[in-house]
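Chain residues, written in single-letter form:
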Amino acid sequence: MANEIYSKVEKCVKAIRKVTDFEPRVAITLGSGLGNYAEQIDVKCEISYSDIPGFPISTVPGHAGKFIFGYVGKVPVVCMKGRVHFYEGYDISDVVLPARVMRRLGAEILFLTNAAGGINYTFDAGDLMLINDHISLFAKNPLIGQNIDEYGTRFPDMSCVYDKELREIILETALKNKIPLKQGIYAQVTGPSFESPAEIRMLRISGADAVGMSTVVEAIAARHMGMRVCGISCISNLAAGMLNEPLSHEDVQKAADKTGPLFEKLVTECVKKF
Ligand code: HPA
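It should be emphasised that the depicted structure is a prediction, and the values quoted were computed from it without experimental measurement.

K.L.:
Please clarify how the packing of helix H1 (residues 4–17) against helix H3 (residues 97–104) should be interpreted in this entry.
P.N.:
A packed helix pair is summarised by two numbers, namely the angle formed by the two axes and the spacing between the axes. In contact at an axis separation of 9 Å, H1 and H3 are set at 55 degrees when each is read in the N-to-C sense. Classified by the interaxial angle, the pair formed by H1 and H3 is oblique. H1 and H3 meet at a crossing whose hand is right-handed. Across from Ile5, Lys8, Val9, Glu10, Cys12, Val13 and Ile16 in H1, the residues of H3 making contact are Leu97, Arg100, Val101 and Arg104. A class-by-class count of the residues in the contact of H1 with H3 yields seven nonpolar, no polar and four charged.

This is the structure:
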């Protein structure tokens, strides 16, 4: 039986191939704070998600949607400006569809970025955090359903999701460029409501250093397909209950934008070395 999810991914790849034969090596998913990242790219081609039949389009303000193909230094990249989240009501297979499409376009590395709430008491708003591992148990696993054998195995190993060698390059690059970089465990929750203080205490006890509403499901789908994965979070706020003030999407966005230039520099310098 033909798998519908597989067919949808392959149709998107075909639609893109009608526009460009560009072969990226690194795929970059731009989270909040990296909205202007295209300025770092020698752009060769852009494709709006809306021009790709079946491609999921974000409903969140500030998440414009397009693929940007080009070069960071000498490295061919595809950047996702805008992504969809599970809380928007999309099927989890649609949330990871873009990562699968980028793999099928040739990308070997997936560089994930996001804005996240800091849970670790040593973190401050504005910090950058290298993702060393994740907690996926509060999000829906994107591999539930018939396995797509063409992409990967039924029970993929997740003992080293965030590639050790890429993490070492990122740490070295941060050090060399004097960009402070924390490290930690990222937990994905579904959202869209922010967490309660009790949930944040539970996540902290579970070992999480940061929490957000994206990234982990993409990392799982990418590992399933054999991609090397790395990720950096911009700690846009301290999580619920850690400060005596309510959380708002606007404040999170503003704080993430503030770290933009530093975040952009780190991503660019790292990608050049990948
Ligand atoms: N919680 C969940 N997701 C987030 C947060 C948060 O505090 N900040 C940015 N994304």
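K.L.:
Looking at this structure, I do not really get the packing of aromatic side chains. What am I missing?
P.N.:
Centre-to-centre distance and the angle between the planes together describe a pair of aromatic rings. Per the stated rule, a full pass over the model turns up eight aromatic pairs. Both rings, one in Phe22 and one in Tyr71, keep their centres 5.3 Å apart while their planes meet at 70 degrees; by these two values the pair is edge-to-face. Note that Phe22 is positioned in the loop between H1 and strand S1 (26–30) and Tyr71 in strand S3 (residues 66–72), a separation of 49 residues in sequence. For Phe22, a relative accessible area of 10% corresponds to the buried category. Between Phe55 and Phe67, the aromatic rings sit 5.3 Å apart at their centres with planes inclined by 75 degrees, giving edge-to-face as the arrangement. Note that Phe55 is positioned in the loop between strand S2 (42–48) and S3 and Phe67 in strand S3, a separation of twelve residues in sequence. Taken individually, Phe55 and Phe67 each receive the classification buried, so the pair is uniform in this respect.

K.L.:
What should I look at first to understand the side chain of Thr215 in this one?
P.N.:
Examined against the element boundaries, Thr215 turns out to sit in the loop between strand S8 (210–212) and helix H6 (216–224). Only 3.0 Å separates the side chain of Thr215 from the side chain of Ser214, close enough to count as a polar contact. Once residues lying within four places of it in the same chain are set aside, the contact partners of Thr215 are Arg83, Leu112, Thr113, Asn114, Ile131, Tyr186 and Gln188.

K.L.:
It is not clear to me how the pairing of strand S4 (residues 75–81) should be interpreted in this structure. Could you clarify?
P.N.:
Put simply, side chains in a regular strand alternate between the two faces of the sheet. Counting buried positions over the seven residues of S4 gives six, a clear majority of the element. Two strands pair when backbone bridges link them, and S1 and S4 are joined in this way by five bridges, in the parallel orientation. If you follow Leu30 over to S4, its bridge partner there is Lys81. Two strands pair when backbone bridges link them, and S3 and S4 are joined in this way by seven bridges, in the antiparallel orientation. Across the sheet, residue Phe69 finds its bridge partner in S4, namely Val78. Remark: two residues form the turn of the hairpin made by S3 and S4, two consecutive strands paired antiparallel; Gly73 in that turn has positive phi of roughly 60 degrees.

So, how was this worked out
Residues numbered from 1 in each chain as written. Predicted model: local features only at pLDDT ≥ 70, side-chain atom pairs only at ≥ 80, totals over all residues. Heavy atoms only, no water. Axes fitted to C-alpha atoms, helices over the stretch in contact; angles between N-to-C directions. Helix = DSSP H or I, 4+ residues; strand = E, 2+ residues; numbered from the N terminus. Parallel < 35°, antiparallel > 145°, perpendicular 65-115°, else oblique. Left-handed = near helix turned anticlockwise from the far one by under 90°. Contact = heavy atoms within 4.5 Å. Nonpolar A, V, L, I, M, F, W, Y, C, P; charged D, E, K, R; others polar. Phe/Tyr/Trp six-rings, centres within 6.5 Å; stacked < 30°, edge-to-face > 60°. Buried < 20%, exposed > 50% of the residue type's maximum accessible area, 1.4 Å probe, protein only. Polar contact = N/O pair within 3.5 Å; in protein donor to acceptor, adjacent residues only side chain to side chain. Pairing = 2+ DSSP bridges.

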